[in-house]
Amino acid sequence: MDSRQSILIVVGAIACIGAALFIDIYYALIGLVIVLALYMTLWIMQDAAYLPQVSCSLSEDAKSIIVKNTGTAPARRIHISLVPLDIEFDIKELQPEEEETFTLDKMIREAKAVIRFSSADSENVVEQSYPLSSLSGGVYDPLKPTFPLFSWKK
């Protein structure tokens, strides 16, 4: 955690102790719940910060593949395989919110893009796959839930 965030948590804890001693124990417990929720929020933010997230989509004319880093850290050593088209290409590095386009020889109707990349901080390789389709909804949707409920966008 950042030093300013740590100071904020310590000041909140001291305020809770002061409220327990001089004001009322119930106000101190309410403050303690708020301080603990703030601590958990900062801890989760720190855990999720600086992660790359590479997504792949098909352009409107179905002649190029758009690779975009939607994460908050640079993605390195990106390898994309288009299955079953037997097309592979590499991208050295993508900065956050940067995209690169790979042009194909001909239009594709349907394929699956398998992406392997690693973060700048660790050597762990992340593998993800995205369906690519020129006719149906194969576009990456960041708001799509993991478990579709209530006929999500049919």
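Residues numbered from 1 in each chain as written. Predicted model: local features only at pLDDT ≥ 70, side-chain atom pairs only at ≥ 80, totals over all residues. Heavy atoms only, no water.

**Remarks on the pairing of strand E3 (residues 75-83)**
Direction of pairing for E3 relative to strand E4 (residues 87-94): antiparallel, over a ladder of 7 bridges. The partner of His-79 across the bridge, within E4, is Asp-90. From the end of E3 to the start of E4, which pair antiparallel, there are 3 residues, and Asp-86 there has a positive phi angle of about 60°. For E3 and strand E6 (residues 110-119), the ladder comprises 7 bridges, and the chain directions are antiparallel. The residue of E6 that forms the bridge with Leu-82 is Ala-113. (Pairing = 2+ DSSP bridges. Helix = DSSP H or I, 4+ residues; strand = E, 2+ residues; numbered from the N terminus.)

**Concerning the pattern of salt bridges**
Under the defined criterion, the tally for this structure stands at 3 salt bridges. Between Lys-68 and Glu-97 there is a salt bridge, with the nearest N and O atoms lying 3.7 Å from each other. With Lys-68 in strand E2 (residues 64-69) and Glu-97 in the loop between E4 and strand E5 (99-103), the pair connects residues that are 29 residues apart, well separated along the chain. Here Arg-76 ties to Glu-93 by a salt bridge, and the two come within 3.3 Å at their closest N and O atoms. Of the two residues, Arg-76 is situated in strand E3 and Glu-93 in strand E4; the sequence distance between them amounts to 17 residues. Classification of Arg-76 by relative accessible area gives partly exposed; the value is 29%. (Salt bridge = Lys/Arg side-chain N within 4 Å of Asp/Glu carboxyl O. Buried < 20%, exposed > 50% of the residue type's maximum accessible area, 1.4 Å probe, protein only.)

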